[in-house]
Structures are given as structure tokens and as C-alpha cells.
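As a plain string of letters, each chain reads:
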Amino acid sequence: MGNIFHGERVRLRGVEESDFEHYFAWEQDTDGSRMDYEIWFPTSTTSRREWVQSQARVTGEGDIFRFTIATLDDVVVGSLNTHTVNRRNGTFSYGFFIDANHRRKGYASDALRILFRYFFHERGYQKVNAEVFAFNEPSMRMHEHFGFTLEGRLRRMIFTQGQHHDALIYGMTREEFETKHL
């Protein structure tokens, strides 16, 4: 019997309390945090443990959910979450983080194929959007290679390392996904 949350390289699963060490370590990677969203104030192990415990209780109500990305032999390599969900219009956005030791191995693309297949074919969505910071060239290349279309640029939206940067808006429809990935 197959599992829709398994891909060729990774599987998506819910956050487990035992994932604490990974999420805490990723928070220490400030370069990765900058590419993902922003560098937050350092948190205590207690605070991060409580956050992971709260994520482990999330049920996906409203289609907002955080997945842990693990290889098929259960090595945790990253995190993937859905947000900015609009059921009426059938659109959603997502964010992901891949541990520095596991980047450029196809894990992000495989995780996105799993997520999009689920959201398009099981949840009824018709379009996915992604925001990429203009200084994050690896993410820009990955999205373009994956088949996203650059739909817009919001100027001077992100402030990091003493400068303002543009946010790039990428989009992909269900049909575009199916043509490229199914």
C-alpha cells in the first residue's frame, strides 16, 4: 500500500516532540534563518522545546500545517510549512528549510512534489505561491527549475545585513505542476 506523503527521496510527517534537537539546531544557523525568513532573537531550549511540543499537537485545521522532512531511512533533513491559505480562491503559500548539511541533494524538490500533489489532488487547491528574497539565489534557481513563474517583485521589502532587498513572488498553477511533474 502506498503513502501519498512518501516521495523518491523523502517523506513528510508531522512534527514529533523528539524533533526538538533539530529545530533548536536550525535556529542556531543564522545564515539559514536569514534565507528562510529572518534572524530571530535567540530562544532558550525551554522555549524552543515548548514550541516544538505545540507544533506536535497541530492537526492541520484550516490547511495550515508544519511537516518535518525526513529521508526514507528517517534522517531529519528539514521542515516545510503551509501558510497564507485561501480555501475560497484555492491558493496557498509555503516555506521550507533544509539543514545546511543536506542542501542540494534534491530533498526540497521532492518534498514540494509531495506537498503540491497533496494540496492540488486531495485538498482541491489550484495555485501555489512562494516569496523568495532577491539575495537568495539558490532558492530563486530552485523555484525556476521546479517550474515556477516569476510573477512580481516587491521592492525593498526585506531588511537584513544593513540593506533593504526585494521580495520576488513566484507562482505555479495546478496544471503547470501536472505538466512538469506528473
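Above this text you will find the structure in question.
All figures in this text were calculated on a predicted structure; none of them were measured in a lab.

By the burial criterion, the buried members of helix α5 (residues 137-146) are S139, M140, M142, H143 and F146. Projected onto a plane normal to the axis of α5, the buried residues spread over an arc of 165° and lie on a single side. Downstream of α5 by a residue or two, G147 has a phi angle that is positive, lying close to 120°.

Throughout the structure, instances matching the rule amount to 11 salt bridges. Taken together, the salt bridges that share partners define one network made up of D63, R87 and R123.

To continue, consider the packing of aromatic side chains. Summed over all chains, the structure comprises 23 aromatic pairs. Considering the side-chain rings of F116 and F146, the 5.8 Å spacing of their centres and the 85° angle between planes classify their relative orientation as edge-to-face. Of this pair, F116 sits in helix α4 (residues 107-121) while F146 sits in helix α5, placing them 30 residues apart in sequence. Residues F116 and F146 agree in their burial class; the two are buried. Consider the rings of Y118 and F119, whose centres lie 5.9 Å apart with planes at 75°: the pair is edge-to-face.

Counting 31 residues, the largest nonpolar core has L80, Y94, L115, F116 and F148 as the members making the most contacts within it. At the level of elements, β1 (10-14), β2 (66-71), β3 (76-86), β4 (91-98), α4, β5 (127-133), α5 and β7 (163-173) are the ones that each hand at least two residues to this core. Ignoring sequence-local partners within four residues, the contact set of Y94 consists of L80, N81, T82, H83, L112, L115, F116, V128, N129, A130, H143 and F148.

Turning our attention to the packing of α4 against helix α6 (residues 174-181). Packing of α4 against α6 leaves a shortest axis separation of 11 Å and a crossing angle of 130°. Overall, the two elements α4 and α6 adopt an arrangement that is oblique. For α4 against α6, the interelement crossing comes out left-handed. Side by side, α4 and α6 meet where R113, F116, R117, F120 and H121 of the first sit next to R174, F177, E178 and H181 of the second.

With respect to burial, β2 is a largely interior element, 6 of its 6 residues being buried. Relative to β2, β1 runs antiparallel, the two sharing 5 bridges. Each bridged residue has a counterpart across the sheet, and for R11 the counterpart in β2 is A70. Taken together, the 5 bridges between β2 and β3 define a ladder with antiparallel strand orientation. Bridge pairing in β3 links I69 to G78. The loop that links β2 with its antiparallel partner β3 comprises 4 residues; one of these, D74, has a positive phi angle of about 70°.

Turning next to the environment of H165. If you trace the backbone, H165 turns up in strand β7. Given a relative accessible area of 15%, H165 falls into the buried group. Considering only alpha carbons, one finds H165 and F133, 32 residues apart in sequence, at a separation of 7.0 Å. Setting aside residues no more than four positions away along its own chain, H165 makes contact with F135, R156, M157, I158 and T160.

Take the sheet that holds β3 next. Two strands in a sheet stick together by hydrogen bonds in their backbones, pointing the same way (parallel) or opposite ways (antiparallel). Pairing in this open sheet of 7 strands is mixed, and the strands run β1-β2-β3-β4-β5-β7-β6 from one edge to the other. Every other strand in the sheet has two partners, leaving β1 and β6 (149-160) as the edge strands with one partner each. Averaged over all pairs of adjacent strands, the angle between strand axes in this sheet comes to 30°, irrespective of strand direction. Bridge analysis of β6 against β7 gives 8 bridges, and the strand direction is antiparallel. Its bridge partner lying in β7, I158 is registered against H165. Those strands touched by α4 are β1, β2, β3, β4, β5 and β7, and its axis lies near 155° from that of β4.

Thresholds applied
Residues numbered from 1 in each chain as written. Predicted model: local features only at pLDDT ≥ 70, side-chain atom pairs only at ≥ 80, totals over all residues. Heavy atoms only, no water. Buried < 20%, exposed > 50% of the residue type's maximum accessible area, 1.4 Å probe, protein only. Helix = DSSP H or I, 4+ residues; strand = E, 2+ residues; numbered from the N terminus. Arc of directions from axis to C-beta. Salt bridge = Lys/Arg side-chain N within 4 Å of Asp/Glu carboxyl O. Phe/Tyr/Trp six-rings, centres within 6.5 Å; stacked < 30°, edge-to-face > 60°. Core = buried A, V, L, I, M, F, W, Y, C linked by side-chain atoms within 4.5 Å. Contact = heavy atoms within 4.5 Å. Axes fitted to C-alpha atoms, helices over the stretch in contact; angles between N-to-C directions. Parallel < 35°, antiparallel > 145°, perpendicular 65-115°, else oblique. Left-handed = near helix turned anticlockwise from the far one by under 90°. Pairing = 2+ DSSP bridges.

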